[in-house]
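Next come the chains, spelled out residue by residue.
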Amino acid sequence: MKNNWPLWEVFVRSKNGLEHRHFGSLHAADAEMALENARDVYTRRNEGVSIWVVESKHITASNPENSGELFEPAQDKVYRHPTFYTLPDEVKHM
Amino acid sequence: MSEKEVKNIRTEGTRSLEEIFEQRIARDEKIEPKDWMPEKYRQTHIRQISQHAHSEIVGMLPEGNWITRAPSLRRKVALLAKVQDEAGHGLYLYSACETLGISRDELYEQLHTGKAKYSSIFNYPTITWADIGAIGWLVDGAAIINQVPLCSTSYGPYARAMVRVCKEESFHQRQGYEIMTKLANGTSEQKEMAQDALNRWWWPSLMMLGPTDAESVHTEQSMKWKLKRKTNDELRQQFIDQTVPQADLIGLTIPDPDLKWNEETGHYDFGEIDWDEFWQVVKGHGPCNKERLSARVNAWEEGEWVRDAAMAYAKKQEDKKLKKAI
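The structure displayed is predicted, hence computed values, not measured ones. (Residues numbered from 1 in each chain as written. Chains lettered and ligands numbered in written order. Predicted model: local features only at pLDDT ≥ 70, side-chain atom pairs only at ≥ 80, totals over all residues. Heavy atoms only, no water.)

Participant: Help me understand the overall build of chain B, please; the structure alone is not making it clear to me.
Facilitator: Along its length, chain B carries 13 helices and two strands. Expressed along its principal axes, the backbone C-alpha trace of chain B runs to roughly 80 × 65 × 35 Å. Each of the 326 residues in chain B was classed as buried or not, and the buried ones make up 50%. Partitioning the contacts of chain B with sequence separation of at least 6, the portion at a separation of at least 24 is 76%. In the form shown here, chain B has an accessible surface area of approximately 16,900 Å², with 55% of it arising from carbon and sulfur atoms. Charge separation in chain B, taken as the distance between the mean sites of 44 positive and 50 negative side-chain charges, equals 8 Å. (Helix = DSSP H or I, 4+ residues; strand = E, 2+ residues; numbered from the N terminus. Buried < 20%, exposed > 50% of the residue type's maximum accessible area, 1.4 Å probe, protein only. Contact = heavy atoms within 4.5 Å. Areas by Shrake-Rupley, 256 points an atom, 1.4 Å probe, with all protein chains shown as cover. Lys, Arg positive; Asp, Glu negative; His and termini not counted. Charge placed at Lys NZ, Arg CZ, Asp CG, Glu CD.)

Participant: Would you mind showing me how to read the sheet that holds strand E3 (residues 50–55) of chain A here?
Facilitator: Sheets are built from strands paired through backbone hydrogen bonds, the pairs being either parallel or antiparallel. Residue and element names in this part refer to chain A. If you walk across this open sheet you meet the three strands as E2-E1-E3, and the pairing is antiparallel. Edge positions in the open sheet fall to strand E2 (20–27) and E3, since each of these has one partner strand only. Neighbour-to-neighbour, the strand axes of the sheet open up by a mean angle of 25 degrees, direction not taken into account. The sheet contact formed by strand E1 (residues 7–13) and E2 spans seven bridges and is antiparallel. Bridging across to E2, arginine 13 finds its partner in histidine 20. (Pairing = 2+ DSSP bridges. Axes fitted to C-alpha atoms, helices over the stretch in contact; angles between N-to-C directions.)

Participant: How should I be thinking about the interface of chain A and chain B in this particular structure?
Facilitator: By a widespread convention, an interface's size corresponds to the accessible area lost as its parts come together. Listed by partner, the interface residues are 22 residues for chain A and 23 residues for chain B. For the pair chain A and chain B, the summed buried area comes to about 1,900 Å², and 52% of that belongs to carbon and sulfur atoms. Applying the counting criterion to the chain A and chain B interface returns four salt bridges. Aspartate 85 of chain B is paired through a salt bridge with arginine 45 of chain A; the nearest N and O atoms lie 2.5 Å apart. Connecting chain A to chain B are eleven residue pairs in polar contact (both at pLDDT 80 or more). Sorting the residues of the side of chain A that touches chain B by element identifies E2 and helix H1 (31–42) of chain A as the ones contributing at least two each. When grouped by side-chain class, the residues that make up the side of chain A that touches chain B number eleven nonpolar, six polar and five charged. (Buried area = accessible area lost by both parts, 1.4 Å probe. Salt bridge = Lys/Arg side-chain N within 4 Å of Asp/Glu carboxyl O. Polar contact = N/O pair within 3.5 Å; in protein donor to acceptor, adjacent residues only side chain to side chain. Nonpolar A, V, L, I, M, F, W, Y, C, P; charged D, E, K, R; others polar.)

Participant: Please explain the nonpolar core as it appears in this structure.
Facilitator: Inside soluble globular proteins, nonpolar side chains tend to come together where they are buried. All names here are of chain B. Judged by nonpolar contacts, the single largest core of 94 residues is most densely connected at Met180, Trp201 and Trp202. With ten residues, helix H6 (residues 130–147) is the single largest residue contributor to this core. When near neighbours in sequence (up to four residues on either side) are disregarded, tryptophan 202 contacts Leu138, Phe239, Ile240, Thr243, Ile254, Pro255 and Asp256. (Core = buried A, V, L, I, M, F, W, Y, C linked by side-chain atoms within 4.5 Å.)

Participant: Hey, could you run me through the packing of helix H5 (residues 104–112) of chain B against helix H12 (residues 289–302) of chain B in this one?
Facilitator: A packed helix pair is summarised by two numbers, namely the angle formed by the two axes and the spacing between the axes. Residues and elements named next belong to chain B. Across the interface, H5 lies against H12 with an axial gap of 10 Å and an inter-helix angle of 145 degrees. Considering the relative orientation of H5 and H12, their crossing is left-handed. For the pair H5 and H12, the contacting residues are Asp105, Tyr108, Leu111 and His112 in the first and Leu293, Arg296, Val297 and Trp300 in the second. Residues belonging to the contact of H5 with H12 are distributed by class as follows: five nonpolar, one polar and two charged. (Left-handed = near helix turned anticlockwise from the far one by under 90°.)

Participant: Teacher, can you tell me more about the side chain of serine 25 of chain A here?
Facilitator: Its place among the elements puts serine 25 of chain A in strand E2. For serine 25 of chain A, a relative accessible area of 7% corresponds to the buried category. Discounting residues that sit within four places of it in the chain, serine 25 of chain A has contacts with Leu7, Trp8, Glu9, Val10 and Tyr42 of chain A together with Ser95 of chain B.

Participant: Teacher, can you tell me more about the pattern of salt bridges here?
Facilitator: Where charged atoms of side chains with opposite charge meet at close range, the side chains can pair. Within this structure, the stated rule accounts for 26 salt bridges over all chains. Among the ionic pairs, glutamate 86 of chain B bridges to lysine 82 of chain B, the shortest N-O distance being 2.9 Å. Of this pair, glutamate 86 of chain B and lysine 82 of chain B both sit in helix H4 (residues 73–98), four residues apart, which is roughly one turn of the helix. Pair check on accessibility: glutamate 86 of chain B and lysine 82 of chain B agree, each one buried. For the salt bridge of aspartate 233 of chain B with arginine 236 of chain B, the shortest nitrogen-to-oxygen distance reads 2.9 Å. Here aspartate 233 of chain B and its partner arginine 236 of chain B are both found in helix H10 (residues 232–249), three residues apart, which amounts to about one turn of the helix. Taken together, the shared-partner salt bridges connect Arg44 and Arg45 of chain A together with Asp85 and Glu168 of chain B into one network.

Interpretation in functional terms is not warranted from these geometric data alone.
Rendered as structure tokens:
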């Protein structure tokens, strides 16, 4: 159990114009190897044009237990949505 | 508060968490790695996902046996790509499993010590080229039937891995059936070889879909968690109904004298499965159990220096970068 290769998260842009999306993870000794392995594991069938890898330990994730205080404040702010505002019926496109 | 009172609150608290959890699953919500989950859910998923990953990895061995002896370049590139896919599928699944808080090393350890199981079908030998056809057609065929429902299982990382696996799997089955079709239409020796492979792989493929519902200890809980969406017997019937016409089409005979179409049920009736054989193989007494496991253990142990060297190199590069920065 020594010298374990660290875990990396893999993000792939499937084509230009789209954002990178999380595809999965893998183990690799360094960033270069992580990229090469990501190519072999996640893009064997032209699934991507660009790959990002980042060591998993560098990702800070929100805790689902705190979802309440994080996300609930947005729920009662209906005025942030266009449907909150009334328009005269005559206005067709706005 | 007395200790007893504290305990009561805790049990109540746990119960409600569990209730909330079960309701989420009932609503078809996905469970993600950091969400609260019952310990049994976590353990059951580690068991099933790792077993699945191990099966992909061990599954490379019987087919790898024929890569160097594939009869043409076309067959060789296809088989190589298929075996590489299986490595990929194993890796998708291992990384899904690791999100449940178990390390890759622990998973390998469980495989290498025999604590974790893999699909018993891979403990049968591949003695002729036709076996490669039979594996693709039957074993991958049965695997697809097993896996498609898992694309909508409740655990997010597992479901996402399965979507990718299923997308890639259909070429595996087609390449196998193509091999069988070609052999079945070939010389009489070739046809015999195809029939012989079907004879040997048919029953193990039926067993691969798991013990009968009456014998399956995990089915009920797994259905509730949507870790299973159809029972073993339902999956097996689906496999038979779909495969028999494919055998007819290429003039091969399913090795089951009791097999016949049942007009009333709209399904094929089939003969008794030799479950003693299944349990023997599961318990480690199949034709290749020892060979498969020792091949995995050797690959791991003999690869240790490579893993160490890669880490040493990575560290050296990192140190160099640091020195330059100073």
